[in-house]
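Okay, here's what each chain looks like letter by letter:
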Amino acid sequence: MTHVEDELNSQPECWTRAAAEAAGHRGALPAAGERVAVVGCGTSYFMAQAFAALREGSDQGETDAFAASEFPHERSYDRVLALTRSGTTTEVLDLLARLKGRTPTTAITADPDTPVMAAADDVVVLDYADERSVVQTRFATTALTLLRAHLGLHTDAAVADARTALAGALPEGLVECGQFTFLGRGWTVGLANEAGLKMREASLSWTEAYPAMEYRHGPISITTGGTATWMFGEAPEGLAEQVRATGALWIEGRLDPLAELVRAQRLAVAVAAARGLDPDRPRHLTRSVILAP
């Protein structure tokens, strides 16, 4: 078993622990009514997108998501929340340093022995969700579970669905597809983006991701036999029928959307295996991007 397989299989236990600990981190996490920016790089940026949509959607405060390198310094926020598994990513550390003394900051990280501990005003450490893999799985979903629980939006059903996602077979014919598109709505757009990234990282697949209502505005033109379109959450009316009419494989997301992401992680590993690739050694990637001064 690869590191990434072992780590993605541990997600139900990680989610359960994160949800139980959320109340203890209340003081470090965004309070209701605060104007918040959430930042990250790569996978963490996509989790930031999901959290921002969840928080605004639950009327807990205006929330924006940015890649750390694209933070708009001309805007003012009550708190900036940074997601960083490694605690060493250059863009995140540079941003936190620039905000020091100006805007309260919180970091969620997996490693307590990294520079982010001093760079952020408050830190939440999820060391039990740390990973050996370059390809993120459990840290990202555990951090989002913590934040869902903080918002009062986590339920035990999500953990049960994650176990189902790990136990069930992948849809027939899915691994053999040559192109994959992931769709989301609201907070699941970030999850769709992350599913596409997992496929590219682990299996070098041609993948795309879109808000579901945007799919008809051009992207559906590539849909045909041998491609797959996977919906995270409830699909717009009529879209499944349109995709099936092209000859493509339509995958309906029937589990909690975060559990659907677990299924997509499994798909990435399965496609990598089918293509003779090692998902623990993704091409051109490192666990953390650390740039020279």
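Predicted model only: the values in this text are computed from it and were never measured. (Residues numbered from 1 in each chain as written. Predicted model: local features only at pLDDT ≥ 70, side-chain atom pairs only at ≥ 80, totals over all residues. Heavy atoms only, no water.)

**Student:** Explain empty space enclosed by the protein to me, and be specific about the residues and the numbers.
**Tutor:** Summary: where empty space remains is shown by rolling a probe the size of a single water molecule over the atoms. According to the stated counting rule, one finds one cavity of 30 Å³ or more in the structure shown. Looking at the largest cavity, its volume works out to about 30 Å³. As for the largest cavity, its lining consists of Val-4, Val-135, Thr-137, Lys-198, Ala-202, Gln-265, Ala-268 and Val-269. Ranked by residues supplied to the lining of the largest cavity, first place goes to helix 10 (residues 257-274) with three residues. Grouping the amino acids of the lining of the largest cavity by side-chain chemistry returns five nonpolar, two polar and one charged. (1 Å grid on protein atoms, 1.4 Å probe; cavity = no way out; pocket = protein on both sides within 12 Å on 5 of 7 lines; lining within 4 Å. Points joined across faces, edges and corners; volume = space filled by probe spheres on them. Helix = DSSP H or I, 4+ residues; strand = E, 2+ residues; numbered from the N terminus. Nonpolar A, V, L, I, M, F, W, Y, C, P; charged D, E, K, R; others polar.)

**Student:** Tell me what's going on with the layout of surface pockets, and back it up with residues and numbers.
**Tutor:** Its volume calculated, the largest pocket comes out at about 350 Å³. Together, 19 residues line the largest pocket, and Cys-41, Gly-42, Thr-286, Arg-287 and Val-289 are the ones closest to its centre. A per-class count over the lining of the largest pocket returns seven nonpolar, nine polar and three charged.

**Student:** Residue-level account of the sheet that holds strand 1 (residues 36-40), with values.
**Tutor:** The parallel open sheet is built from five strands, whose spatial order is 2-1-3-4-5. Each edge of the sheet is formed by a strand with only one pairing partner; in this case those strands are strand 2 (63-67) and strand 5 (122-125). Between one strand and the next, the sheet's axes are offset by a mean angle of 20°, whatever the strand orientation. Contacting strand 1, strand 2 and strand 3 (79-84), helix 3 (residues 43-57) crosses the sheet at an angle of about 170° to strand 2. Against the sheet, helix 6 (residues 138-150) makes contact with strand 3, strand 4 (105-109) and strand 5, and its axis sits at roughly 135° relative to strand 4, the strand it touches most. (Pairing = 2+ DSSP bridges. Axes fitted to C-alpha atoms, helices over the stretch in contact; angles between N-to-C directions. Contact = heavy atoms within 4.5 Å.)

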